[in-house]
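Descriptive analysis of the structure
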Amino acid sequence: MIARRRPLTARWTTLVPLLAAVLLIFTWGRDLPAVVVALVTLVLAGAVLAAVHHAEVVAHRVGEPFGSLVLAVAVTIIEVALIVTLMADGGDKSSTLARDTVFAAVMITCNGIVGLCLLVASLRHGTAVFNPEGTGAALATVATLATLSLVLPTFTTSKPGPEFSTVQLTFAALSSLVLYGLFVATQTVRHRDYFLPITRQGEVITAEEHAAAPTARTAMISLGLLGLALVGVVGLAKGVSPTIESGVEAAGLHHAVVGVIIALLVLLPETIAALRSARRDRVQTSLNLALGSAMASIGLTIPAVALASVWLSGPLVLGLGATHMVLLALTVVVASLTVVPGRATPLQGGVHLVLFAAYLELAINP
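These numbers were taken from a predicted model, which means no experiment stands behind them. (Residues numbered from 1 in each chain as written. Predicted model: local features only at pLDDT ≥ 70, side-chain atom pairs only at ≥ 80, totals over all residues. Heavy atoms only, no water.)

1. Brief notes about the nonpolar core
What counts here: Here, the term nonpolar core denotes a set of buried Ala, Val, Leu, Ile, Met, Phe, Trp, Tyr and Cys residues that are joined through side-chain atoms within 4.5 Å. The buried label applies to any residue whose accessible area, calculated with a 1.4 Å probe on protein chains only, is under 20% of its type's maximum; exposed applies above 50%, and partly exposed to all values in between. In this text, helices come from DSSP runs of H or I with a minimum length of four residues, and strands from runs of E with a minimum of two, each type numbered from the N-terminal end. Should any heavy atoms of two residues lie within 4.5 Å, those residues are considered in contact.
Grouped together as the largest cluster of nonpolar side chains are 94 residues, with contacts concentrated most on Phe103, Leu236, Leu328 and Tyr359. Per-element tally for this core: the top contributor is helix H4 (residues 97–125), with 14 residues. In this structure Phe103 touches Leu150, Leu320, His324, Leu327, Leu328 and Tyr359, once residues within four positions along its chain are discounted.

2. Looking at empty space enclosed by the protein
This is how it is decided: Think of a 1 Å grid over the protein atoms and nothing else: a 1.4 Å probe that fits but is trapped marks a cavity, an open set flanked by protein within 12 Å on at least five of seven lines marks a pocket, and residues with an atom within 4 Å of a point count as lining. Grid points are joined across faces, edges and corners, and a volume is the space filled by probe spheres set on the points. When residues are sorted by character, Ala, Val, Leu, Ile, Met, Phe, Trp, Tyr, Cys and Pro go into the nonpolar class, Asp, Glu, Lys and Arg into the charged class, and all the rest, Gly among them, into the polar class.
Counted under the stated rule, the structure contains two cavities of 30 Å³ or more. In this model, the largest cavity occupies a volume close to 90 Å³. Lining of the largest cavity is provided by Cys110, Val114, Leu118, Phe130, Thr135, Leu139, Leu287, Leu291, Ala335, Thr338, Val339 and His352. Residue assignment for the lining of the largest cavity shows that the elements contributing at least two residues are H4, helix H5 (132–151), helix H10 (283–308) and helix H11 (322–339). Taken together, the residues of the lining of the largest cavity break down into nine nonpolar, three polar and no charged. Quantified by volume, the second largest cavity comes out at close to 50 Å³. Val106, Cys110, Leu139, Val142, Ala143, Ala146, Leu328, Thr331 and Val332 together form the lining of the second largest cavity. Element by element, the count of residues in the lining of the second largest cavity is highest for H5, at four residues. In terms of residue class, the lining of the second largest cavity is made up of eight nonpolar, one polar and no charged.

3. Thoughts on the packing of helix H9 (residues 268–279) against H10
Our working rule: Note on method: axes are straight lines fitted to C-alpha atoms, helices fitted across the in-contact stretch only, with angles between N-to-C directions ranging 0 to 180 degrees. Angle categories: roughly parallel below 35 degrees, roughly antiparallel above 145, roughly perpendicular from 65 to 115, and oblique for all the rest. By definition, any crossing whose near helix is turned counterclockwise from its far helix by less than a right angle is left-handed, and any crossing with a clockwise turn is right-handed.
Relative to each other, H9 and H10 sit at 160°, their axes nearing to 7 Å. On the basis of their axis angle, the class for H9 and H10 is roughly antiparallel. Two packed elements cross with a definite hand, and for H9 against H10 that hand is left-handed. When H9 is examined against H10, the residues Glu270, Ala273, Ala274, Ser277 and Ala278 are found in contact with a partner set consisting of Val283, Thr285, Ser286, Leu289 and Ser293. Broken down by class, the residue content of the contact of H9 with H10 amounts to five nonpolar, four polar and one charged.

Structure (structure tokens):
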């Protein structure tokens, strides 16, 4: 039975990314009827599941924390490309697109994904255990990047409005790249043990007890299919966004809800992968995915939009409003208190989920 399931899994996880790519080619830039939207949504869901499968194959081959890093960076690079493409299309709302997308990613990862994983792991295993050294380092980097890129523009005076001047934007972009690069070096080279799962006795788990690692050829094929699946996820999400916008407008909701829905779709592969790790009591892997995605979102998006602003016309608004700054500050404080003990109960997971619910509620009713 197991032998039959493996070829079946390999077959559909290969076909779905290819189908998503073909469907993306035929639907890109077109108005889609309801039947096609339903088909795109179905393929989108399949591409998400296929992406998670291939990410786990790659992670199994290269080991942690490299596996989490591959998925986080792959999703973020495609997300950045999508943001720059939408900004190039212009429109009145494109000036705040980068800010809204990055902040949505921070809230979804640091509160939504973290909260769900802590809740699932603690309910299933009593408490959720993780390495406070590595998680604390990741959280500090996310907080610094978010403050430099999203909070400071609201208070600078060199340019009117919540915008950076050219010199300030250049500094923010370079700082983001340096911090992200330094974190990746710390995570993968100098202090890799800080980002590996630990046992309930605090011992680092250096090797998993499961099936033999896939061959290099299998891992490379999965890496290519992972990239193809993620392109399909982001591209098809953009394709159904006009339908989502129409539904949001028909419901009388604020336009920011569209950005939240798209961000949720794009981050689905990481969410599912993080929840699977939490169910296996590998909470550190879940936190690597969540905080790594938030960090990559800021560390790669800000330099990309700074570079794109050279040829894109119109303002680039990065500064958050007062309400979102309060949510960001509260998230950093709560996350710090969650990380320090190195273990969490369902209470901590619930607190993060309430913060995420508050963000969603304020997106609907600002």
